Amino acid sequence: MTRDKIEIITDVLDANRVVAEENRRILKQAGVFAINLMGSPGSGKTRVLERTLENIGNKIRAGIIQGDITTTLDSERLMKFEVPVVQINTEPFGGDCHLGANLVQRAVKSMDLSQIGLLFIENVGNLVCPAEFDIGENLKMLVFSVTEGEEKPLKYPLMFRECGVVLINKIDLLKHLNVKIDHLTQNIRRINPGAEVLRLSAETGEGVDEWISFLKDRINLYRAS
Ligand code: MG
Ligand code: ZN
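Residues numbered from 1 in each chain as written. Chains lettered and ligands numbered in written order. Predicted model: local features only at pLDDT ≥ 70, side-chain atom pairs only at ≥ 80, totals over all residues. Heavy atoms only, no water.

Peer 1: I would appreciate a short explanation of the overall build of the protein chain in the present structure.
Peer 2: Each helix and strand counted, the protein chain has eight helices and seven strands in total. Computed over C-alpha atoms, the radius of gyration of the protein chain comes to 18 Å, within 12% of the 17 Å expected from 2.2 N^0.38 for 225 residues, which places it in the range of a compact globule. When the 225 residues of the protein chain are sorted by exposure, 52% land in the buried category. Taking as baseline every contact in the protein chain between residues at least 6 positions apart, the subset at least 24 positions apart corresponds to 73%. (Helix = DSSP H or I, 4+ residues; strand = E, 2+ residues; numbered from the N terminus. Rg over C-alpha atoms; globule rule 2.2 N^0.38 Å. Buried < 20%, exposed > 50% of the residue type's maximum accessible area, 1.4 Å probe, protein only. Contact = heavy atoms within 4.5 Å.)

Peer 1: Would you explain helix 1 (residues 12-29) in this entry?
Peer 2: Owing to its 3.6 residues per turn, the α-helix brings residues three or four apart onto one side. For helix 1, with 18 residues, the first-to-last C-alpha span of 26 Å sits near the 26 Å given by 1.5 Å per residue. The complete set of buried residues in helix 1 reads Asn16, Ala20, Asn23, Arg24 and Leu27. Looking straight down helix 1, one finds that the buried residues subtend no more than 100° of arc, so they occupy a single side. Exposed side chains of helix 1 directed beyond 90 degrees from the buried face belong to Arg25 and Gln29. Buried residues along helix 1 sit in contact with strand 1 (33-38), helix 4 (101-109), strand 4 (118-122) and helix 8 (208-224). (Expected span 1.5 Å × (residues − 1). Arc of directions from axis to C-beta.)

Peer 1: Sorry if this is basic, but what is going on with the packing of aromatic side chains here?
Peer 2: Scanning all chains against the criterion turns up three aromatic pairs. A centroid spacing of 5.4 Å and a plane angle of 70° characterise the contact between Phe144 and Phe160, whose relative ring orientation is edge-to-face. Residue Phe144 is located in strand 5 (residues 139-145), and its partner Phe160 is located in helix 6 (residues 157-162); the two are separated by 16 residues in the primary sequence. The same class applies to Phe144 and to Phe160, which are both buried. (Phe/Tyr/Trp six-rings, centres within 6.5 Å; stacked < 30°, edge-to-face > 60°.)

Peer 1: I keep staring at the pairing of strand 5 and nothing clicks. Help me out?
Peer 2: Within a regular strand, side chains alternate between the sheet's two faces. The buried fraction of strand 5 is high, at seven of seven residues. Of the two faces of strand 5, the one carrying Leu139, Met141, Val143 and Ser145 and the one carrying Lys140, Leu142 and Phe144 are both buried. Two strands pair when backbone bridges link them, and strand 1 and strand 5 are joined in this way by four bridges, in the parallel orientation. Across the sheet, the residue bridging to Ile35 is Leu139, located in strand 5. Summarising the sheet, strand 5 and strand 6 (residues 165-169) pair through five bridges and their orientation is parallel. Each residue of the ladder has a partner; that of Leu142, found in strand 6, is Val166. (Pairing = 2+ DSSP bridges.)

Peer 1: Explanation requested: unusual backbone geometry in the structure shown.
Peer 2: Look at Thr71: it is not a glycine, yet its phi comes out positive at around 75°. Relative to the assigned elements, Thr71 resides in the loop between strand 2 (62-68) and helix 3 (73-78). Looking at Thr71, the relative accessible area reads 34%, which means it is partly exposed. A positive phi angle, near 65°, is found at Lys170, a position not held by glycine. With respect to the element layout, Lys170 can be found in the loop between strand 6 and helix 7 (181-191). Assessed through its relative accessible area of 23%, Lys170 is described here as partly exposed.

Peer 1: How should the coordination of the zinc ion (ligand 2) be read in this particular structure?
Peer 2: Those protein atoms acting as donors to the zinc ion (ligand 2) are Cys97 (SG), His98 (ND1) and Cys129 (SG), and they sit at 2.0 to 2.3 Å. Each donor residue of the zinc ion (ligand 2) lies on one chain, and together they are spaced C-H-x30-C. Residue His98 is located in the loop between strand 3 (85-89) and helix 4, and its partner Cys129 is located in the loop between strand 4 and strand 5; the two are separated by 31 residues in the primary sequence. Overall, the relative accessible area of 10% leaves His98 in the buried class. (Donors = N, O, S within 2.8 Å, 3.2 Å for Na, K, Ca; no water.)

Peer 1: What am I meant to see in the side chain of Ser43 here?
Peer 2: Position of Ser43 among the secondary structure elements: in the loop between strand 1 and helix 2 (45-55). A polar side-chain atom of Ser43 sits 2.9 Å from the main-chain carbonyl oxygen of Ser40. Dropping the residues within four chain positions of it, Ser43 is found in contact with Val143, Phe144, Ser145, Glu148, Asn169 and Lys170. (Polar contact = N/O pair within 3.5 Å; in protein donor to acceptor, adjacent residues only side chain to side chain.)

So, in structure tokens, the structure goes:
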């Protein structure tokens, strides 16, 4: 065997990518569409999940992996939906501020995938490193609150570039803020012209229908692929 035929995994991102591809295969085999749900702490990721579970209908069965450094608070909020929820705390593994593909794989393997068609993986709240780690998802999704300001797409471009869909959340608060949503949207488009950008308030429900119909379209595309 010659040296150049050996696949050399040179760094942590390469190693992660290999496991992520395995995750993607496992999920595809089970027909599960997986979403990597990212966003800052307090942007409304769990609130958006709650709204989504309320509105997705009973034809699509969802499951959830909850990533947090510590606590099971978000998982507890989701218990009422009677969907499978698996908690990952990164603290025993060094307190990582993002999920890696290996921890996600453990969680995925602990679930009965035959019971679900849609898997949300709520990442650790953070606009930086979660964007660097492929976890085997089919769609990267960002929940971004209007309270975070117009300039963040320019300051955290990798996150905005990686995401296929950006939900601009908490639009009910715009009237209290000196934030122009059109300017924010332009900044997102400058960084990622291909991203789907949707506006909603998970709190009031405004814009949730558009989000749900986008999500259903993406699931159908995946199933047909
Ligand atoms: Mg949360
Ligand atoms: Zn991190």
